[in-house]
Amino acid sequence: MRRKLVVGNWKMNGSLAQNKRLLDSLAQGLRDVSHVDIAVCVPYPYLFQAQAVLAGTSIAWGAQNVASHDNGAYTGEVSAAMLKEFGASYVIVGHSERHGAYGESAANIAEKFAIAKGYGLTPIFCVGETLQERESGVMEYAIANQLDPILSVSGGALLDQAVIAYEPVWAIGTNKTATPEQARAAHSFIRERIAALHPGAAESVRILYGGSVNSRNAAQLLSMSDIDGGLIGRGSLDADDFESICRAAC
Ligand code: PEP
């Protein structure tokens, strides 16, 4: 039985003062929520603050990207070892906002996934089709193209306990949420694809849905079979909304 997981992706938002209010509210408001794993992925400079406020609570924290190298001459990059030093548990890899804007290749994302796992972080690997791919009937092909490099570089052990986020690109930041049935169908396609290569891992991998989840649509989406939780952008920036989404995951 997979435990549900709800992860907030703050993207490039926040300030010390705003974060303090948000994190304090979440720590307080989610004290009694034990049926679901909860995490927030914050901008790098705020990892120390997440660690200071959330240590000792049941809310984990993480980052939104990681370098594909251990250390060295990679100006501007942040390593998995550095994330671990700030107590991070999770790291998002391959978010569509990154590979669109920063040209991350599938091979590069697969390296990030492997290095995160190697340092004991849980990678949250994002896949999803564009509207054009969905409308032209190549959605499964597009998702498989993103998934397969990870499945081929990662043995079953690397995939074990990893997290995949199905995030249709057309649903991110748009208020156009996938219907529960569209999301469920994509999730079962992803799980079957993993099962074909790594049957053991397919059962333990948690597959999150991401794309305009809010406090009104969360319960329906997160109750679908094969949807093991959510990756939440805008809805994670407001304590009441994020708390409602976490409570809806059961
Ligand atoms: C995201 O950035 O991963 C995301 C799902 O954003 P939003 O919830 O705002 O659509």
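Residues numbered from 1 in each chain as written. Predicted model: local features only at pLDDT ≥ 70, side-chain atom pairs only at ≥ 80, totals over all residues. Heavy atoms only, no water.

A.B. asks: Lay out the pattern of salt bridges with the relevant residues and their values.
C.D. replies: Think of it this way: side chains of opposite charge can pair up when their charged atoms draw near. Inspection of the entire model under this criterion finds 16 salt bridges. Glu243 is the salt-bridge partner of Arg247, the closest N and O atoms lying 3.4 Å from each other. Pair noted here: Arg247 and Glu243 are both in helix H12 (residues 239-248), with a separation of four residues, about one helical turn. Taken together, the shared-partner salt bridges in this structure form one network comprising Arg2, Arg191, Glu203, Asp226 and Asp228. (Salt bridge = Lys/Arg side-chain N within 4 Å of Asp/Glu carboxyl O. Helix = DSSP H or I, 4+ residues; strand = E, 2+ residues; numbered from the N terminus.)

A.B. asks: Account for the sheet that holds strand E3 (residues 59-63), naming residues and giving values.
C.D. replies: Taken together, eight strands build a closed barrel; the order of strands is E1-E2-E3-E4-E5-E6-E7-E8 and the barrel is parallel. For this sheet, the mean inter-axis angle between neighbouring strands, taken without regard to orientation, is 25 degrees. With two bridges joining them, E3 and strand E4 (residues 90-93) adopt parallel strand pairing. By the bridge assignment, Ala63 is partnered in E4 with Val91. Packed onto the sheet, helix H5 (residues 106-118) meets E4 and strand E5 (122-127) and runs at close to 160 degrees relative to E5. (Pairing = 2+ DSSP bridges. Axes fitted to C-alpha atoms, helices over the stretch in contact; angles between N-to-C directions. Contact = heavy atoms within 4.5 Å.)

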